[in-house]
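# Summary of the model geometry
Read off the chains here:
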Amino acid sequence: MIIESYCEEDTKNLAMITASEAKRGDIFCLDGDLGTGKTVFAKGFAEGLGINEPITSPTFNIVKEYKDGKFPLYHFDVYRISDPDEMYAIGYEEYFYGKGVCLIEWSELISDLIPKEAIRVRIEKDPEKGFDYRRIVYD
């Protein structure tokens with residue numbers, strides 16, 4: 001499925017709808033270049049789960065837990081992972097196979113660890129269609 005977004009609000013609303021359909025144990029892989037709107041998507045996703053805390057990219061923490069929504073959200077940013085063994089060190093399996101939902105930014109960097117049933121979301125820019133345009137592809 002391909003969705004076109006023409007502003008941050010479109011991206012956020014799409015993420016809210018995606019989250020409203022999520023269920024415990026789902027893993028969403030969120031990929032795209034720097035500045036494509038992964039954090040905007042993450043904020044909308046959290047809002048769709050009923051999470052009211054401020055959402056920031058967990059770049060230096062690798063994972064942030066949000067527990068005040070419909071069910072827990074485990075928000076990963078694996079941009080700084082240089083070796084998949086680092087994921088074992090943080091106990092990623094407890095998150096991936098836990099009672100919440102995982103949203104993983106830069107998931108392609110740990111593709112060998114991602115279960116095949118994960119939902120892949122790729123956000124792409126197209127400058128010819130405008131500065132705020134995004135093409136969001138669900139696999």
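Residues numbered from 1 in each chain as written. Predicted model: local features only at pLDDT ≥ 70, side-chain atom pairs only at ≥ 80, totals over all residues. Heavy atoms only, no water.

### What to know about the overall build of the protein chain
Scanning the protein chain from terminus to terminus reveals four helices and seven strands. Counting helices and strands in the order they occur from the N terminus, the protein chain gives β-α-β-α-β-β-α-α-β-β-β. Relative to a compact globule of 139 residues, whose C-alpha radius of gyration would be 14 Å, the protein chain shows 14 Å and is just as compact. With the principal axes as the frame, the protein chain shows a C-alpha extent of 40 × 30 × 25 Å. Expressed as a percentage of its 139 residues, the buried residues of the protein chain come to 47%. (Helix = DSSP H or I, 4+ residues; strand = E, 2+ residues; numbered from the N terminus. Rg over C-alpha atoms; globule rule 2.2 N^0.38 Å. Buried < 20%, exposed > 50% of the residue type's maximum accessible area, 1.4 Å probe, protein only.)

### Things to note about the pattern of salt bridges
Counted under the stated rule, the structure contains six salt bridges. Of the charged contacts in the structure, one is a salt bridge between Glu124 and Arg122, with a shortest N-O distance of 3.8 Å. Residue classification places Glu124 among the partly exposed residues on the basis of a relative accessible area of 24%. Between Glu124 and Arg135 there is a salt bridge, with its nearest N and O atoms 2.8 Å apart. Here Glu124 is found in strand S6 (residues 119–125), whereas its partner Arg135 is found in strand S7 (residues 134–138), with eleven residues between them in sequence. What you see here is one network of salt bridges that share partners, running through Arg122, Glu124 and Arg135. (Salt bridge = Lys/Arg side-chain N within 4 Å of Asp/Glu carboxyl O.)

### What about the pairing of strand S2 (residues 27–31)?
The side chains of a regular strand alternate between the sheet's two faces. Most of S2 is tucked away, with five of its five residues classed as buried. Both faces of S2 are covered, namely the face carrying Ile27, Cys29 and Asp31 and the face carrying Phe28 and Leu30. Of the strand pairs in this sheet, S2 and S6 are connected by four bridges, and their pairing is parallel. From the neighbouring strand, Leu30 faces S6, where its bridge partner is Val121. (Pairing = 2+ DSSP bridges.)

### Describing the packing of aromatic side chains
One pass over the structure, following the stated rule, counts ten aromatic pairs. An angle of 80° between the planes, with centres 5.2 Å apart, marks the rings of Tyr88 and Tyr92 as edge-to-face. Take Tyr88: its relative accessible area is 45%, and that puts it in the partly exposed class. With relative accessibility at 5%, the residue Tyr92 sits in the buried group. Taken together through their ring pairs, the aromatic side chains of Tyr74, Phe76, Tyr88, Tyr92, Tyr95, Phe96 and Tyr97 make up a single cluster. (Phe/Tyr/Trp six-rings, centres within 6.5 Å; stacked < 30°, edge-to-face > 60°.)

### Side note on the side chain of Asp26
Looking at where Asp26 falls in the secondary structure, it is placed in the loop between helix H1 (8–20) and S2. A polar contact is formed between the side chain of Asp26 and the backbone nitrogen of Lys23, at a distance of 2.9 Å. Not counting the four nearest positions on each side in its chain, Asp26 is found in contact with Gly100, Val101, Cys102 and Ile119. (Polar contact = N/O pair within 3.5 Å; in protein donor to acceptor, adjacent residues only side chain to side chain. Contact = heavy atoms within 4.5 Å.)

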